[in-house]
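Examining the three-dimensional arrangement
Single-letter residue listing:
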Amino acid sequence: EVLTLASGVPSWAAAGGGTTVKRHYFPFNTRTAGNASAGVNQFTWTAAFTPIDPTVNDLLVHAIVPSWGGGQNGCGYGTRFTNNSTATNYDSNDNGINYSFSSYANTMSMFFNFPAGTIPAGTYTAYFHTPTSGSQPAYYFPNATDDVRYSGNTLGMLFITEWKN
């Protein structure tokens, strides 16, 4: 439902739009050194992402990746879905990315939609992928090794909402 305002009177009305089919959640927190090469899968979110039906459902993807150092004032990255049966890659390079830069703690995030039919049905390995060289921090998921103010490993997540319009 959505809140509407008609003649100054608020009321609830039926909302148009999509229906959530399934939410997929993949946390990750292993401190991982960044690789400066182009075309690198920096780490694996999961080797078992199986959408209900990506041929008719959109995939709304959110990801947050804590990172540390590296001195990159810009980064190209995205999510790579590799079909486990065919080894075909489906990339979201630079879609909806946001990178906060410092010499210390950084945040890499992304928010984008794969429209229905972008990927076929199947099971996928989901990677954090950097298509261009020099797009890495020193480390992903910093911990107390990087700064004693971290009480443990930092946590990132890949969250995919499968939805139908």
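Small disclaimer: the values here were computed from a predicted structure and weren't measured.

**Comments concerning the overall build of the protein chain**
- Scanning the protein chain from N- to C-terminus turns up zero helices and 13 strands.
- In the protein chain, the succession of α and β elements from N to C terminus is β-β-β-β-β-β-β-β-β-β-β-β-β.
- Its C-alpha atoms put the protein chain at 55 × 45 × 25 Å along the principal axes.
- Each of the 165 residues in the protein chain was classed as buried or not, and the buried ones make up 39%.
- With 6 positive and 8 negative side-chain charges, the protein chain shows a spacing of 6 Å between the two charge centroids.

**So, the nonpolar core**
- Counting 26 residues, the largest nonpolar core has Trp45, Phe81 and Phe128 as its most contacted members.
- Contributing elements (two or more residues each) for this core: β3 (19–28), β5 (40–49), β6 (58–68), β10 (105–114), β11 (124–130) and β13 (156–164).
- Residue contacts for Phe81: discarding those within four places in its chain leaves Phe49, Val61, Thr88, Asn89, Tyr90, Phe114, Tyr124, Thr125, Ala126 and Ile160.

**Thoughts on the pairing of β10**
- Pairing analysis gives ten bridges linking β6 to β10, with the strands arranged antiparallel. When the sheet's bridge partners are listed, Val65 is paired in β10 with Met108.
- In this sheet, β10 lies alongside strand β9 (residues 97–100) in antiparallel orientation, the contact comprising four bridges. Pairing of Ile97 across the sheet is with Met110, part of β10.

**Some remarks on the side chain of Thr130**
- Residue placement: Thr130 occurs in strand β11.
- Within the local environment of Thr130, its side chain forms a polar contact with the side chain of Gln42, the two groups lying 2.9 Å apart.
- Beyond its immediate sequence surroundings of up to four residues, Thr130 is in contact with Ser37, Ala38, Gly39, Val40, Gln42, Gly76, Tyr77, Ser135 and Tyr140.

**Section: the sheet that holds β11**
- Read across the sheet, four strands follow the order β5-β11-β7-β8 without closing on themselves; strand pairing throughout is antiparallel. Edge strands, defined here as strands with exactly one partner in the open sheet, are β5 and β8 (89–91). Between one strand axis and the next, the sheet turns through 25° on average, direction left out of account.
- Alignment of strand β7 (residues 78–83) against β8, held across three bridges, turns out to be antiparallel. Among the inter-strand pairings, Arg80 is bridged to a residue of β8, identified as Asp91.

About the criteria used
- Residues numbered from 1 in each chain as written.
- Predicted model: local features only at pLDDT ≥ 70, side-chain atom pairs only at ≥ 80, totals over all residues.
- Heavy atoms only, no water.
- Helix = DSSP H or I, 4+ residues; strand = E, 2+ residues; numbered from the N terminus.
- Buried < 20%, exposed > 50% of the residue type's maximum accessible area, 1.4 Å probe, protein only.
- Lys, Arg positive; Asp, Glu negative; His and termini not counted.
- Charge placed at Lys NZ, Arg CZ, Asp CG, Glu CD.
- Core = buried A, V, L, I, M, F, W, Y, C linked by side-chain atoms within 4.5 Å.
- Contact = heavy atoms within 4.5 Å.
- Pairing = 2+ DSSP bridges.
- Polar contact = N/O pair within 3.5 Å; in protein donor to acceptor, adjacent residues only side chain to side chain.
- Axes fitted to C-alpha atoms, helices over the stretch in contact; angles between N-to-C directions.

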